[in-house]
Amino acid sequence: MSAPAPQTISLTLPSSHPLTVCYRATPATPDPARPTLLFLHTVGTSSALFAPQFAGPLAQTHNLVAPDLLGHGATRAGDDALEDAWDYDTQAEMVVALMDALHIPSATLTGVSQGGFIAPRVATLLPAARVPALLLLGTSLLAETTAHNSWDVSAAVGDLRLALEADATAADAAAFTPPDAFVDALVGLGFGAPDAAWEAHVRETYGGALGRRRLRRVVQCLMDRPAVPGLREMAAAREVRVGHGTADVVYGVGLAREGAGLMGLQGEVRVVEGGRHFLSASHPEVVVEMVREVEAAVAAKTAA
């Protein structure tokens, strides 16, 4: 999980809610002479998910920026209303506010799983010049229903949601720790194998009274997730690529192809043999290849 040291910045959303965003970046201050890649992580992880990218060749040529999303990592809402009521549109607003605060004029967005729910929403908030390209990896653009998924979200986290939404005494909330079954499934399904460091991260992030509240909202947003709106219009003005692993047991390759079709893309799904749900972690070399491909496409379009 090695990655650049986290930094924090205070932001205010269009709704006037304050928050403190934790993010990782290399260089620590984005270099205006470099193109920028902005990475959005999965449910239950953090910006540290992109340690392979921070340690890889893209870090030598690009600005790499990855925030901890609301409800994740060390990002903190500044008031209870935001902590308990953010959604994926709010996450997109946070990303835009971070881009503005860091003076990032444009960025290619890479969204993995949950990050892929958010990246298209960011793009719809900004002109194509600011988000010229997106990589959507191991994600779903359809609503979070069993009919659309390789997994049953209600069976996976439905009981946990009920427990988190139930009243708890102050003592019980303070002693809360995420159930082992949830932690094991999150890490195992995502990475394809147990990982002690990430298991410890999940337990630390979501332990105690505040962690319980944060996990409640994460689970609510995942289970209630609607389809991403305006996909065809968003994609028409941008270069979009979809990557999906054959070993992704959460969202299957067929779902990725269906999402690509909703964006009007034909033959644009990069199928990665053995790729896991957290595709950027299992196959970091694919991210490098897809970034170079999409940047070449943007350059050719600009030159035309």
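About the criteria used
- Residues numbered from 1 in each chain as written.
- Predicted model: local features only at pLDDT ≥ 70, side-chain atom pairs only at ≥ 80, totals over all residues.
- Heavy atoms only, no water.
- Pairing = 2+ DSSP bridges.
- Helix = DSSP H or I, 4+ residues; strand = E, 2+ residues; numbered from the N terminus.
- Salt bridge = Lys/Arg side-chain N within 4 Å of Asp/Glu carboxyl O.
- Buried < 20%, exposed > 50% of the residue type's maximum accessible area, 1.4 Å probe, protein only.
- Axes fitted to C-alpha atoms, helices over the stretch in contact; angles between N-to-C directions.
- Parallel < 35°, antiparallel > 145°, perpendicular 65-115°, else oblique.
- Left-handed = near helix turned anticlockwise from the far one by under 90°.
- Contact = heavy atoms within 4.5 Å.
- Nonpolar A, V, L, I, M, F, W, Y, C, P; charged D, E, K, R; others polar.

(A) Seen up close, the pairing of strand 1 (residues 7-12). Pairing of strand 1 with strand 2 (residues 18-26) involves six bridges; the strand directions are antiparallel. Opposite Thr8, over in strand 2, you have Cys22 as the bridge partner. Hairpin geometry of strand 1 and strand 2 is characterised by an intervening segment of five residues between the two adjacent antiparallel strands and by a positive phi of about 80 degrees at Ser16.

(B) Representation of the pattern of salt bridges. The full count for this structure, using the stated rule, is 14 salt bridges. A salt bridge links Arg213 to Asp80; its shortest N-O distance comes to 3.5 Å. On the criterion of sequence distance, the pair formed by Arg213 in helix 9 (residues 208-223) and Asp80 in helix 2 (residues 80-85) is long-range, its members being 133 residues apart. Of the residues examined, Asp80 reaches a relative accessible area of 51% and is grouped as exposed. Here Arg203 and Asp180 are joined by a salt bridge, their closest N and O atoms 2.9 Å apart. Of this pair, Arg203 sits in helix 8 (residues 196-205) while Asp180 is found in helix 7 (residues 180-191), placing the two residues 23 residues apart along the sequence.

(C) Region of interest: the packing of helix 7 against helix 8. Contact geometry of helix 7 with helix 8 gives a least axis separation of 10 Å together with a crossing angle of 135 degrees. Here helix 8 runs oblique to helix 7, going by the angle between their axes. Seen from above, helix 7 lies across helix 8 with right-handed handedness. Side by side, helix 7 and helix 8 meet where Asp180, Phe182, Val183, Asp184, Leu186, Val187 and Phe191 of the first sit next to Trp198, Glu199, Val202 and Arg203 of the second. Taken together, the residues of the contact of helix 7 with helix 8 sort by class into seven nonpolar, no polar and four charged.

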